[in-house]
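# Breakdown of the fold
Chain residues, written in single-letter form:
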Amino acid sequence: MGSATGYNRRDLFKRAAAITVLAAGGTSLLAACAGGSGSSDNKSGASPTLGGDSKNPFGVKASDALDVVIFKGGYGDDYAKVFEDAYKKAYAGANVSHLGTQEISGKLQPRFNAGSPPDVFDNSGAQAMKADVLVSADQLTDLTVLLDAPYLDDPSKKIRDVLLPGTIEQGTINGKMYSLNYVYTVFGLWYSAKLFKDKGWAVPKTWDEFITLCGTIKAAGIAPFAHQGKYPYYANYIIFSLIAKQGGQELVKKINACDASAWDDPAVLAGVTAFNKIMEGDFLLPGTNGMTHTESQTAWCQGKAAFIPSGSWLENEMLDSTPADFDMAFLPVPSLPGDKLAATALWAGAGEPFMVPSKAKNKAGGLEFLRMMLTKDGSSKFVATANSLTVLKDGVNADVQLKPGTKSSAVAVKAAGDVTFSFSFQDLQTAFDAEVENATNELVNKRISPAEWVARGKAATAKKV
Amino acid sequence: MRHRKTPFIFGFLVVPVALYILLVIWPYLQTFGYSLTDWSGASSEMNFIGLDNYTKLFQDSAFLGALQHNLLLLIVLPLATILLALFFAFMLNVGGKSGTGGVQGVRGSAFYKVVFFFPQVLSVAILSVLFQGVYRTDKGGLLNGVLIALGIVDEQHPWDFASNPTFGLWCIMGVIVWSGVGFYLVLFSAAMQSIPKDIYEAAMLDGAKRGTTFFKITLPLLWESIQTAWVYLAIAAMDAFALVSTMTPGAYYGGGPDHHSEIMATLLMRNFITFGKAGYACAMGVVIFFITLVLSVVSLRVTRREKIEF
Amino acid sequence: MSTNTDATTGIPAQRNGGNDEPRKPVKEQRFADGGGVLNVFSHGFLALWAVLIIGPLIWIILGSFKNNAEIGDSAWSWPSHWGFDAFTRAWNKGIGDFFVSTVIVLAGSLTLTMLLGSMAAYVLARYEFRGNRVIYYFFVAGAMFPVYLALVPLFFMMKNLGTVIPWLGLNQYAGLILVYTAYSLPFTVFFLHSFFRSLPSAVHEAAMIDGCSHTRAFFQVMVPMAKSGLISVFIFNVLGQWNQYLLPLTLMQQQSSSDPDRSMLAQGLMNLAQQSGYASDFPGLFAGMTIAMLPVLVVYLSFQRQVQAGLTSATLK
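Residues numbered from 1 in each chain as written. Chains lettered and ligands numbered in written order. Predicted model: local features only at pLDDT ≥ 70, side-chain atom pairs only at ≥ 80, totals over all residues.

### Quick notes on the overall build of chain B
Along its length, chain B carries 13 helices and 0 strands. In chain B, the succession of α and β elements from N to C terminus is α-α-α-α-α-α-α-α-α-α-α-α-α. Projected onto its principal axes, the C-alpha positions of chain B cover 80 × 75 × 30 Å. Counting over 310 residues, chain B shows a buried share of 59%. (Helix = DSSP H or I, 4+ residues; strand = E, 2+ residues; numbered from the N terminus. Buried ≥ 20, exposed ≤ 12 C-beta atoms within 10 Å, placed from the backbone.)

Below you can see the structure in the form of structure tokens.
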């Protein structure tokens, strides 16, 4: 059901990236493979099975209307209309209805409850529906059939072969893939390369360098660090990146699982203590602790602050407010001494989860729509309009001009290689996450110490679901 | 003469009562039912778990905190709004210079009455967006901008208004009072104008000061209007949801920082929508229901007075 | 009630107390003791409050002419150019439709609220029968509880109603009209009950002796007598329903992508605010608020005498 809150509170990926059942994942990967073709879940009506026709593997009928709901956030919803047109072309005469909205749960919760969900929807934003709740209520279609369907650009390949690593795992809940997370996102610090060049500041590689640079920046009369204080999870991108790099993948897994013992790991305290140096040095943009994402990001675009944490949707989101010569650049969270992960390691993941409801009237159409999104042309259109990468391997046509921020995040992704991590608790453990966000808010306001922050995080694991 | 009374009574009552039962009472009753289950809100499955939700509720510190905040709202909002409105109404009606003009309002009272009523016609959505701009935590905010320009606030340390653990809730109350005073001002003015002027003039001839006339004459004669206002404001105080959830920080529906501005409505909606604990949320609703019931009965008893005829 | 005539002397008095200095008898200074200080104080406070009200409103209007950078920069910045493109953007996002939807619903719900509310209040106030008190308290109790308590079951109720009678279901004007009416009944009955009680019974009795039916007595005798009370409760209801947010948010959601958007104004505005949050179009948001605000202010300014008179009569009884 809808809420007032959604207002102004955003995040494209927080939930999306989060469906990550994580990571380097032996079990979830196996489970996804074991899913095989076709759905065994018949409680909610027949799932489409793969037919032999590579052009129309799901048996789409042009006479069936297709009902698409798109989260109209930082990426807008125009990109989806491109796919809808492709669908209409392939299935001549098909009636496609399109709804772009921020209020995903506001618009869709009632429809799910009423048993008339759309055929495919983009479950993103502050008001995304809880994926785990949807799955446990048997509301989603197992997308394994999609994975085994032929890739449109090259029917000899299956869809599962052309996705970036991690995509299937991140769409997997309880061993089945329920969401196609379409956008590949990186999380970290952002700055204006032009500003740095003008001032002669070197981009820091270690956290110590970062803190030293903050001192220099402050002396130059600019606030070193802004963050979206009203929504503390942005600051958490930095804190938890520091923790993950210090503590390694095992620790990430334990934190995601709400394992209380994870919080006894010295890496947790080390990470948050390092972050707290921003507060100790008084490096925050005045007022940033109470600002919304729009307010703080606009201030950052205006050069009032040097760094801001965010995911890679930032560039597209701030398109109208960014000066032409801003030269936006991405910086993975700098490393601490004794880090278990490489300095280039970063928080990355597939976001913008597309789902096909199990009670959809035109399930085959919904699946086909997803298949059409996963073509090189489709992906390039998305990259060009939304300034973000997709999960399609090598999914950008050569003629697509990347914006500076997107380009620099692509460089970071390449440098990171296989060493990426992702925190799923922000979506899958919302009650725990709410407590951690509150603790972070207290920390940035200097009302608690790093040690107290750790203690509160540990206590919050009791909220595990 | 009264022989056709029964069909008439029935005819007049059947539609309103039926509509009311169907759309108001029955949903409230269902809330009671759900509160005894572990329903998630997303599916039709639920199990009967007795009073478990209630025992959990009274160990939930966030809930107990929200309860206190609601009580605070329930006391402060009506009190502040009514006092301000009374003061303004008194000024605008009998606060003017007592020259030959006798008892009258201050200069420009018609203008004030119109202007003060303005916020009442603004939708709550406008209030929320407007006051996020007003309370903005840097110099782009209206209040910080003014205070910095006046040199009261240091630009490096602007005030954090709605994000402040101590004052956040008071900032929200400020919005509600800001928007509500005008309406009650007009309501009370109306009541004051119905008080015959000669009562004041007689009192003044006896040497009463204006303050005295207010307490000895105006207040008692306005008692019934004040009671109406109190009821109306108490209802408004229970539902500060739209403002708190959009204006205060905190994960899912505001209420922050760290539950410092948490109210029942935000907690209820968070548990219902975000955490998928619809049964628990309904239990919260039931507790709110009983608290409001007790409070209304008590306040109606306490404020009951003899009606003064004039 | 007459403010223009001095009750003691009968001399026409000035509304502005300061304009008649020469005629002011010396002995009357006594009544104004401390009045000077109080006047300065009260005047100052009234003026301050007026600034507090008008300031933010003007600020919104100015904001719709600024650009994003100017809004973010300083509260004191002045728009660099005066264009109406923000208004066009806001209008294109449906502010006008939200307005029409809201007016349609309010027209229906206010009529129904007043009719049903006054009927119930009248019977409960002036007829004795078994169960009278029970029904009355039953109604009054409903005024005490916030709407969100009933939200969940209410949603399913409307959904089910919609499957039986389609035009009463979710995202239907008629459905929302009934809900608004039902949730306005408690306060309406509570308010009008005491009003009908205070009316003299002689007229009514005379009408009955003349052979008037109960129904006719109500509509032709009691309603006109209660006009002032009806007007004020009407105003209460206009304001209450105009500001509804949770109910339409829950009940007026499109049921499929092809279902028309029938958002109420508050709901639509929050939506606009949200869109601005994602696309950082603050001027558009401010323009949207201006569009939503100005007509209401104009209507209020044109009818403020009636509004105030309506509330005045409520307390005159």
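Having seen the structure, we can now continue with the description.
### Observations regarding the UniProt feature "transmembrane region" (unreviewed entry) in chain B
Residue and element names in this part refer to chain B. Using the residue numbers shown here, the UniProt feature "transmembrane region" (unreviewed entry) corresponds to residues 7-29, 71-94, 114-135, 167-187, 229-252 and 278-300. Taken end to end, residues 7-29 is 100% helix and 0% strand, and its first and last C-alpha atoms sit 29 Å apart. Strand forms 0% of residues 114-135 and helix 68%; the C-alpha atoms that close the span are 25 Å apart. (UniProt positions renumbered as here; feature names shortened; annotations may be inferred.)

### Focus: the domain arrangement of chain A
In many reports, interface size means the accessible area that the parts give up when they come together. According to the domain assignment, chain A consists of domain 1 (17-185 + 351-403) and domain 2 (186-347 + 423-463). If you average the C-alpha positions of domain 1 of chain A and of domain 2 of chain A, the two centres end up 31 Å apart. (Domains from an automatic or database assignment.)

### Regarding the packing of helix 2 (residues 78-90) of chain A against helix 14 (residues 363-373) of chain A
Residue and element names in this part refer to chain A. Where helix 2 meets helix 14, the closest approach of the two axes is 10 Å, and the angle between their N-to-C directions is 115°. The hand of the helix 2/helix 14 crossing is right-handed. Where helix 2 abuts helix 14, its residues Phe83, Ala86 and Tyr87 lie against Phe369, Met372 and Met373. The class makeup of the residues in the contact of helix 2 with helix 14 is 6 nonpolar, no polar and no charged. (Axes fitted to C-alpha atoms, helices over the stretch in contact; angles between N-to-C directions. Left-handed = near helix turned anticlockwise from the far one by under 90°. Contact = placed C-beta atoms within 7 Å. Nonpolar A, V, L, I, M, F, W, Y, C, P; charged D, E, K, R; others polar.)

### Some remarks on the confidence of the model for chain B
All names here are of chain B. For chain B, mean pLDDT is 82; residues scoring 70 or higher make up 90% of the total. This stretch, residues 306-310, has a pLDDT under 50; its non-local contacts, to residues over four places away or in other chains, come to 6 contacts. The complex prediction reports pTM at 0.79, with the ipTM value standing at 0.81. (pLDDT = per-residue confidence, 0-100.)

### Considerations on the interface of chain A and chain B
Across the boundary between the two partners, chain A contributes 29 residues, which contact 32 residues of chain B. Looking at the side of chain A that touches chain B, the elements with two or more residues in it are helix 4 (131-136), helix 12 (293-301) and helix 18 (430-444) of chain A. Per-element tally for the side of chain A that touches chain B: the top contributor is helix 18 of chain A, with 8 residues.

### Observations concerning the packing of helix 4 (residues 95-126) of chain C against helix 10 (residues 227-242) of chain C
All names here are of chain C. Their axes nearest at 10 Å, the elements helix 4 and helix 10 cross at an angle of 140°. Judged by the angle between their axes, helix 4 and helix 10 are oblique. Where helix 4 crosses over helix 10, the handedness of that crossing is right-handed. Here Leu106, Ser109, Leu110, Thr113, Met114 and Ser118 of helix 4 come into contact with helix 10, specifically with Leu230, Phe234, Asn237, Val238, Gln241 and Trp242. Here the contact of helix 4 with helix 10 is composed, by residue class, of 7 nonpolar, 5 polar and no charged. (Parallel < 35°, antiparallel > 145°, perpendicular 65-115°, else oblique.)

### A look at unusual backbone geometry
Leaving glycine aside, a negative phi is the common case for residues, and trans is the common case for peptide bonds. Of note in the backbone geometry, A:Lys446 takes a positive phi value of approximately 60° without being a glycine. Note on A:Lys446: 13 C-beta atoms within 10 Å, which makes it partly exposed. Located in the positive-phi region is B:Phe161, a residue other than glycine, with phi close to 35°. You can see B:Phe161 is positioned in the loop between helix 6 (142-149) and helix 7 (168-193).

### Observations regarding the environment of C:Ile165
All names here are of chain C. Its place among the elements puts Ile165 in the loop between helix 6 (151-164) and helix 7 (173-198). Take Ile165: there are 12 C-beta atoms within 10 Å of it, and that puts it in the exposed class. Along the primary structure Ile165 and Thr215 are separated by 50 residues, whereas in three dimensions their C-alpha atoms are 30 Å apart.

### Observations concerning helix 16 (residues 404-416) of chain A
Residues and elements named next belong to chain A. Helix length check: helix 16, at 13 residues, gives a terminal C-alpha distance of 18 Å against a target of 18 Å (1.5 Å per residue), a fit within 8%. Taken as a whole, helix 16 has its buried residues at Gly405, Thr406, Ser408, Ser409, Ala412, Val413 and Ala416. Down the axis, helix 16 shows its buried residues gathered within 165° of arc, on one side only. Opposite the packed face of helix 16, turned more than 90 degrees from it, sit the exposed residues Val411 and Lys414. (Expected span 1.5 Å × (residues − 1). Arc of directions from axis to C-beta.)

### Considering the confidence of the model for chain A
A residue-level look at chain A finds 88% of positions with pLDDT of 70 or above and a mean pLDDT of 83. A low-confidence stretch, residues 1-45 of chain A (pLDDT under 50), is modelled with 154 contacts involving residues beyond four sequence positions or located in other chains.

### So, the pairing of strand 8 (residues 180-192) of chain A
All names here are of chain A. Counted residue by residue, strand 8 has 13 buried out of 13 residues, so it is predominantly covered. Note: strand 8 against strand 12 (residues 346-355), 7 bridges, orientation antiparallel. Among the inter-strand pairings, Val183 is bridged to a residue of strand 12, identified as Gly351. As paired elements, strand 8 and strand 13 (residues 389-390) share 2 bridges and run antiparallel to each other. Paired with Tyr184 across the two strands is Leu389, which belongs to strand 13. Pairing between strand 8 and strand 10 (residues 305-311): 4 bridges, direction antiparallel. Considered in strand 10, the bridge of Trp190 is made with Ile308. Note: strand 8 against strand 11 (residues 328-331), 4 bridges, orientation antiparallel. The partner of Tyr191 across the bridge, within strand 11, is Ala329. (Pairing = 2+ DSSP bridges.)

### So, the pairing of strand 10 of chain A
Residues and elements named next belong to chain A. Counting buried residues in strand 10 gives 7 out of 7 residues, a clear majority hidden from the surface. Of the strand pairs in this sheet, strand 9 (residues 223-225) and strand 10 are connected by 2 bridges, and their pairing is parallel. Residue Ala223 lies in a different strand from strand 10, and its bridge partner there is Ala305.

### A look at helix 2 of chain A
Residues and elements named next belong to chain A. Taking 1.5 Å of rise per residue, the 13 residues of helix 2 would be expected to cover 18 Å, and the 19 Å separating its terminal C-alpha atoms lies within 8% of that figure. Within helix 2 the residues assigned to the buried category are Tyr79, Ala80, Phe83 and Tyr87. For helix 2, the angular spread of the buried residues around the axis is 100°, confining them to a single face. Along helix 2, the residues that are exposed and aim more than 90 degrees away from the buried face are Asp85 and Lys89. On its buried face, helix 2 is in contact with strand 1 (66-71), strand 2 (96-101), helix 14 and helix 15 (376-386).

### Some points on the environment of B:Phe117
Residues and elements named next belong to chain B. Looking at the element boundaries, Phe117 is found in helix 4 (residues 109-117). On a C-alpha basis, the gap between Phe117 and Leu67 in space is 31 Å, while along the polypeptide they are 50 residues apart. Contact partners of Phe117, with chain neighbours within four places excluded, come to Gly182, Phe183 and Val186.

### A word on the environment of C:Pro153
As for its placement among the helices and strands, C:Pro153 is situated in helix 6. Note on C:Pro153: 19 C-beta atoms within 10 Å, which makes it partly exposed. Among residues more than four places away in sequence, those in contact with C:Pro153 are B:Pro27, B:Gln30 and B:Thr31.

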